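Descriptive structure summary
Residues per chain, in single letters:
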Amino acid sequence: MQIPGARLDASAYGGCARYSETVGNMVKAVVNDVVTYYPGRHYNEEVDNSVSTVKRFCTMGSTTVAVCTVSGTEDVLNWVL
């Protein structure tokens, strides 16, 4: 049973703290003051101070074939080979 806002993990990895919590199906993780939201398997958003970076994962079946990264005005498409 998932409880909205319940803390999943609060541990240290090599000196950097990692905290995670779930709200419904979305996971929020905080590592070294960088907040990352995972609303689904094909999308995540990373917020570091005022800079937001969005990654979208393009799939064919169950295989990831490309990653589109948008950070500020920069939009990059990387093919996964």
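Time to look at the overall build of the protein. Regarding its fold elements, the protein presents 0 helices and 8 strands. Scanning the protein from its N terminus toward the C terminus, one meets helices and strands in the order β-β-β-β-β-β-β-β. When each of the 81 residues of the protein is scored for burial, the buried share is 20%. The long-range share in the protein, meaning contacts at least 24 apart out of those at least 6 apart in sequence, stands at 0%.

Let us now look at the pairing of strand β8 (residues 74-79). Among the 6 residues in β8, 0 count as buried, and that is only a small part of the element. Here strand β7 (residues 63-71) runs beside β8; their pairing, made up of 6 bridges, is antiparallel. Residue pairing for β8: Ala 66 is matched across the bridge by Trp 79.

The next thing to look at is the state of the cysteines. Here the structure, examined in full by the defined rule, presents 0 disulfides. Cys 58 forms no disulfide, and the closest cysteine sulfur to it belongs to Cys 68, at a distance of 6.7 Å.

Moving on: the environment of Tyr 38. Within the fold, Tyr 38 resides in strand β4 (residues 34-40). The class for Tyr 38 is partly exposed, based on a relative accessible area of 36%. Residues Tyr 38 and Val 27, spaced 11 residues apart in sequence, show a C-alpha to C-alpha distance of 5.0 Å.

Moving on: the side chain of Thr 53. Within the secondary structure layout, Thr 53 lies in strand β6 (residues 51-60). Overall, Thr 53 belongs to the buried group, its relative accessible area being 15%. Polar side-chain contacts of Thr 53 include one of 3.2 Å to the side chain of Ser 71. In this structure, Thr 53 is in contact with Asn 44, Glu 45, Glu 46, Thr 69, Val 70 and Ser 71, ignoring residues within four places of it in sequence.

Rules behind the numbers
Residue positions are given per chain, counting from 1 as you read along its sequence in written order. Totals for whole chains, interfaces and linings use every residue, but because this is a predicted model, local features are given only for residues with pLDDT of at least 70 and side-chain atom pairs only at 80 or more, for both listing and counting. Excluded from the side-chain calculations are hydrogens and water; all other atoms, namely the structure's heavy atoms, are used. The way it works is that DSSP assigns letters per residue, a run of H or I at least four long becomes a helix, a run of E at least two long becomes a strand, and they are numbered from the N terminus. Residue exposure (1.4 Å probe, protein chains only): buried if accessible area is under 20% of the type maximum, exposed if over 50%, otherwise partly exposed. Pairs of residues are marked as contacts when any of their non-hydrogen atoms sit within 4.5 Å. Strand pairing requires that DSSP identify at least two bridges connecting the strands. The disulfide criterion used throughout: a pair of cysteine sulfur atoms within 2.5 Å. We define a polar contact as two N or O atoms separated by no more than 3.5 Å, with the added condition that, inside protein, one atom must be a possible hydrogen donor and the other a possible acceptor, whereas residues neighbouring each other in sequence contribute only through side-chain atom pairs.

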